[in-house]
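Each chain, written out:
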Amino acid sequence: MGDPEGYRLSEPEVTERAKPLLLPFENRDDLLWKVLVGEGDEPHRRTTQAAWCLNYWTYVRKLAYGFPLQLAKGKARRCVVLMASISNKPTGLSVSANAKDWQSVANPEQNGSYLTFTIPRSCLDSGTLSLRMTDCAVSGFALIG
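Described in the following lines is the structure provided in the data block. (Residues numbered from 1 in each chain as written. Predicted model: local features only at pLDDT ≥ 70, side-chain atom pairs only at ≥ 80, totals over all residues. Heavy atoms only, no water.)

**Focus: the nonpolar core**
In terms of nonpolar packing, the biggest core is built from 29 residues, with Val81, Leu131, Met133 and Phe141 touching the most fellow members. Secondary-structure elements contributing two or more residues to this core are strand S1 (31-36), strand S3 (57-68), strand S4 (78-84), strand S5 (92-96), strand S8 (114-118), helix H1 (121-126), strand S9 (128-134) and strand S10 (137-144). Not counting residues up to four positions away in its chain, the partners in contact with Phe141 are Phe25, Trp33, Lys34, Val35, Val37, Tyr65, Phe67, Val80, Val81, Leu131 and Met133. Of all hydrophobic cores here, the second largest spans 6 residues; its members include Leu36, Val80, Leu82 and Ala142. (Core = buried A, V, L, I, M, F, W, Y, C linked by side-chain atoms within 4.5 Å. Buried < 20%, exposed > 50% of the residue type's maximum accessible area, 1.4 Å probe, protein only. Helix = DSSP H or I, 4+ residues; strand = E, 2+ residues; numbered from the N terminus. Contact = heavy atoms within 4.5 Å.)

**Remarks on the pattern of salt bridges**
A side chain with one charge may pair with a side chain of the opposite charge, provided their charged atoms come close. Within the structure shown, the criterion is met by 4 salt bridges. Asp30 is the partner of Arg28 in a salt bridge, and the nearest nitrogen-oxygen pair spans 3.0 Å. On the basis of relative accessibility, which here comes to 28%, the residue Asp30 falls in the partly exposed class. Between Arg45 and Glu42 there is a salt bridge, with the nearest N and O atoms lying 2.5 Å from each other. What makes Arg45 partly exposed here is its relative accessible area of 22%. Given a relative accessible area of 49%, Glu42 falls into the partly exposed group. (Salt bridge = Lys/Arg side-chain N within 4 Å of Asp/Glu carboxyl O.)

**Some remarks on the side chain of Thr116**
Relative to the helices and strands, Thr116 resides in strand S8. Setting aside residues no more than four positions away along its own chain, Thr116 makes contact with Arg78, Cys79, Val80, Pro108, Glu109 and Ile144.

**Considerations on the packing of aromatic side chains**
Counted by the stated rule, this structure contains 6 aromatic pairs. Geometrically, the ring pair formed by Trp52 and Trp57 is tilted, given 4.7 Å between the ring centres and 55 degrees between the ring planes. With relative accessibility at 6%, the residue Trp57 sits in the buried group. Ring centres of Phe67 and Phe141 lie 5.1 Å apart, and the angle between their planes is 50 degrees; on these two criteria the pair is classed as tilted. With Phe67 in strand S3 and Phe141 in strand S10, the pair connects residues that are 74 residues apart, well separated along the chain. Both residues of the pair, Phe67 and Phe141, belong to the buried class. Grouped by ring-pair contacts, the aromatic residues Trp33, Tyr65, Phe67 and Phe141 constitute a single cluster. (Phe/Tyr/Trp six-rings, centres within 6.5 Å; stacked < 30°, edge-to-face > 60°.)

The values reported here are purely geometric and, on their own, carry no functional implication.
This is the structure:
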């Protein structure tokens, strides 16, 4: 500012600390399969009472997905859900082998917005992992070893 043209170009600063931005689930050694909301999740979505925001669901009252474990060639033992709380209400996460008998996921490991839990034996035996979420924003799912 202040020169006759009203702007000037300058070279960007080079820094040794610059790091690439990682997409969700990148750089995981245990990743077997992943899907991001808005990028191939549609065939797996079962129930939707939520607001759509192009690449995530928010204000989730009830959101359900069903994933055949064959997507991970039967090797998945754990699941990661990329979700965050959006209110003072506790986030709800439940699993089912048949999308009828739901059990709450107790004490999932939380690392930022990643919630990781062990897939129940009933789901492994049925070959299907059904997930139901409430009171949150959701943007992706991964099956890991």
